[in-house]
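Next come the chains, spelled out residue by residue.
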Amino acid sequence: MSTSTFLFQSFETFNMKNIQYKALVVEEKVGDFLPNIQTLNTENLPAGEILIRVEYTSINYKDALSATGNKGITRNYPHTPGIDAAGTVEISESELFHTGDEVIVTGYDLGMNTAGGFGQYIRVPAEWVIKLPLGLSLKESMIIGTAGFTAGISVLRLTELVKPEDGKIIVSGATGGVGSVALALLTKLGYHTVAITGKETEYDFLKSLGSSEIIPREEFLLPDKRPMLSAQYAGAIDTVGGPVLENILKTLKPLGAVTTCGSVSSTKLNTTVFPFILRGITLIGISAQNYPSVFRKNLWNKLAKEWKPDNLLELYTEIKLDQVTDYIHLILDGKLKGRTIVKMNE
Ligand SMILES: NC(=O)c1ccc[n+]([C@@H]2O[C@H](COP(=O)([O-])OP(=O)(O)OC[C@H]3O[C@@H](n4cnc5c(N)ncnc54)[C@H](OP(=O)(O)O)[C@@H]3O)[C@@H](O)[C@H]2O)c1
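Let me sum up the structure you'll find in this document. All values derive from a computational prediction rather than experimental measurement.

What counts, and where the lines are drawn
- Residues numbered from 1 in each chain as written.
- Predicted model: local features only at pLDDT ≥ 70, side-chain atom pairs only at ≥ 80, totals over all residues.
- Heavy atoms only, no water.
- Helix = DSSP H or I, 4+ residues; strand = E, 2+ residues; numbered from the N terminus.
- Rg over C-alpha atoms; globule rule 2.2 N^0.38 Å.
- Buried < 20%, exposed > 50% of the residue type's maximum accessible area, 1.4 Å probe, protein only.
- Lys, Arg positive; Asp, Glu negative; His and termini not counted.
- Charge placed at Lys NZ, Arg CZ, Asp CG, Glu CD.
- Salt bridge = Lys/Arg side-chain N within 4 Å of Asp/Glu carboxyl O.
- Contact = heavy atoms within 4.5 Å.
- Polar contact = N/O pair within 3.5 Å; in protein donor to acceptor, adjacent residues only side chain to side chain.
- Near = heavy atom within 4 Å.
- Areas by Shrake-Rupley, 256 points an atom, 1.4 Å probe, with all protein chains shown as cover.
- Nonpolar A, V, L, I, M, F, W, Y, C, P; charged D, E, K, R; others polar.
- Phe/Tyr/Trp six-rings, centres within 6.5 Å; stacked < 30°, edge-to-face > 60°.
- Lys NZ or Arg CZ within 6 Å of the ring centre and 35° of its normal.
- Pairing = 2+ DSSP bridges.
- Right-handed = clockwise from strand over helix to strand, strands pointing away.
- Axes fitted to C-alpha atoms, helices over the stretch in contact; angles between N-to-C directions.
- Parallel < 35°, antiparallel > 145°, perpendicular 65-115°, else oblique.

## Digging into the overall build of the protein
Along the protein, the regular secondary structure elements total 10 helices and 15 strands. Relative to a compact globule of 346 residues, whose C-alpha radius of gyration would be 20 Å, the protein shows 21 Å and is just as compact. Over its C-alpha atoms, taken along the principal directions, the protein stretches across nearly 80 × 45 × 35 Å. For the protein, buried positions account for 53% of its 346 residues. Positive and negative side-chain charges in the protein, numbering 33 and 37 respectively, have mean positions lying 4 Å apart.

Rendered as structure tokens:
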């Protein structure tokens, strides 16, 4: 056998290595979307250069939408959700990665219409994969996950316009995944933060993240038809949309800025142009899914080093794959606190 034939054969055998694994699969049955844990085989994963053994994934709001049949997120079922994954490269057909590399995949199409991190293996294009930055463990990377990364983009964009000395930053959905990491990051960067929350039992948690003031959500939502209210906040990170964001816009100080990433309250925004044209405020849209690759690597490096929250290990709950369905319902009900990670392999 010539050397080239041998190399070709071993390459084929290598890539055809089929591995059985467990995954949470959501099946569509007469309009119902039923999650259950199944044993699958890596030969059925989509094409892609990198096969990854997933060590940790995390629960994000989008996963809950995918797992409950939101066709705006996932068109076809059966499907394995999970927009986050951290693990080790099992097989690489890209010169950028090698077997055993520790890597992260967040965003792109993972868990949407590509089998996601709620499976013990994923196969994805090399361009979706980034090497685990020095300073983070696989577990820590998933405590951050898409929600924390979105908090990172939001804080990054906000810091371009608002400095700690400009005044208070208000954060909505404060006990949620994006909100809690945003509070931790802002505190680390020296900002004075105010949390809006619907959970009166979690004030100690919010204080531990650095919030010096807490406003109950109902109080913040007291109806007031005026187009602008007393200017109080230099900046804001909104994760919920709807009336909360409407009131944030009304209460920003001149030249203030607010980031918007989420819609757990509403996708609607009923506002006027007055805060924009009279106070010169800025509304910044945040999209983590297709955040450009070069910025993505830079931000992950920041989150692993100078921005790494001191209290990262107080921010999470760890669960197993067979608990994911319960947590999907909790996040849809707005009841999760901080970040939830899933240990995928024992
Ligand atoms: N644009 C992007 O790239 C991007 C990326 C990641 C996430 N997101 C979106 O950001 C949002 C937050 O994600 P997450 O992971 O932080 O979700 P989460 O963990 O469920 O947090 C959302 C928080 O919002 C608050 N909340 C719940 N229901 C509410 C309601 N009806 N009205 C007002 N506040 C409510 C709750 O916090 P309190 O009880 O403390 O108020 C809840 O914990 C979601 O819409 C998600 O899809 C967008």
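## Description of unusual backbone geometry
Leave glycine aside and you will find that most residues have negative phi; peptide bonds, for their part, are mostly trans. Residue Pro78 is reached from Tyr77 by a cis peptide bond, and omega for that bond is 5°. Note that Pro78 resides in the loop between helix 2 (61–67) and strand 4 (84–92). If you check the backbone angles, Tyr108 has positive phi at about 50° while not being a glycine. By the element assignment, Tyr108 lies in the loop between strand 5 (102–106) and strand 6 (121–124). If you check the backbone angles, Leu255 has positive phi at about 65° while not being a glycine. Topologically, Leu255 is positioned in strand 12 (residues 252–260).

## Notes on the pattern of salt bridges
A full pass over the atoms with the stated rule returns 12 salt bridges. Notably, a salt bridge pairs Asp310 with Lys188, separated by 2.8 Å at the nearest N-O pair. One end of the pair, Asp310, is in the loop between helix 9 (293–304) and strand 14 (316–320); the other, Lys188, is in helix 4 (residues 177–188), and 122 residues separate them in sequence. Taking the relative accessible area as the measure of exposure, Lys188 reaches 34% and is therefore partly exposed.

## Topic: the environment of His192
One can find His192 in the loop between helix 4 and strand 9 (193–197). Take His192: its relative accessible area is 34%, and that puts it in the partly exposed class. Beyond its immediate sequence surroundings of up to four residues, His192 is in contact with Gly167, Lys168, Ile169, Ser212 and Glu213. For His192, the side chain forms a polar contact with the side chain of Ser212, separated by 3.2 Å.

## Quick notes on the site of the ligand
In the vicinity of the ligand there are 28 residues, among which Thr175, Gly177, Val178, Thr197 and Ala288 approach most closely. Ala288 is positioned such that a nitrogen or oxygen atom in its backbone is 2.7 Å from an oxygen atom of the ligand. Surface burial for the ligand is 86%, taken as the share of its 910 Å² of free accessible area covered by protein chains. Contributions of two or more residues to the shell around the ligand are made by helix 3 (138–161), helix 4 and strand 9. At three residues, helix 3 tops the list of elements feeding residues into the shell around the ligand. For the shell around the ligand, the per-class residue count stands at 12 nonpolar, 14 polar and two charged.

## Considering the side chain of Thr251
Note on placement: Thr251 falls in helix 7 (residues 242–251). The exposure class of Thr251 is buried, given its relative accessible area of 5%.

## Thoughts on the packing of aromatic side chains
Taken as a whole and judged by the stated rule, the model has six aromatic pairs. For the ring pair Tyr291 and Phe295, a centre distance of 5.9 Å and an interplane angle of 50° mean the geometry is tilted. By relative accessible area, Phe295 is classed as partly exposed at 45%. Site record: aromatic cluster; members linked through ring pairs are Phe149, Tyr291, Phe295 and Trp300. We note Lys337 situated over the ring of Phe205; from NZ or CZ to the ring centre the distance is 4.8 Å.

## Side note on the pairing of strand 10 (residues 211–216)
The sheet contact formed by strand 9 and strand 10 spans five bridges and is parallel. Within strand 10, the residue paired with Ile196 across the bridge is Ile215. Considered for its hand, the β-α-β crossover made up of strand 9, helix 5 (residues 203–208) and strand 10 is right-handed.

## Points about the sheet that holds strand 10
Strand order across the open sheet formed by six strands is 10-9-8-11-12-13, with parallel pairing between neighbours. Edge positions in the sheet fall to strand 10 and strand 13 (282–285), since each of these pairs with one other strand and no more. The sheet shows a mean angle of 20° between the axes of neighbouring strands, taken without regard to direction. Sheet analysis places strand 11 (residues 233–238) next to strand 12, joined by five bridges and oriented parallel. What sits directly across from Tyr233, in strand 12, is Leu252. Helix-sheet contacts for helix 4 involve strand 8 (169–171), strand 9, strand 10 and strand 11, and the interaxial angle to strand 8 is about 160°.

## Some words on the packing of helix 3 against helix 9
Two elements in contact, helix 3 and helix 9, have axes separated by 10 Å at closest approach and are oriented at 110°. The angle between the axes of helix 3 and helix 9 places the two elements in the roughly perpendicular class. Along the contact surface, helix 3 presents Ser141, Ile144, Gly145, Phe149, Gly152, Ile153 and Leu156, while helix 9 presents Arg296, Leu299, Trp300, Lys302 and Leu303. The residue makeup of the contact of helix 3 with helix 9, split by class, is seven nonpolar, three polar and two charged.

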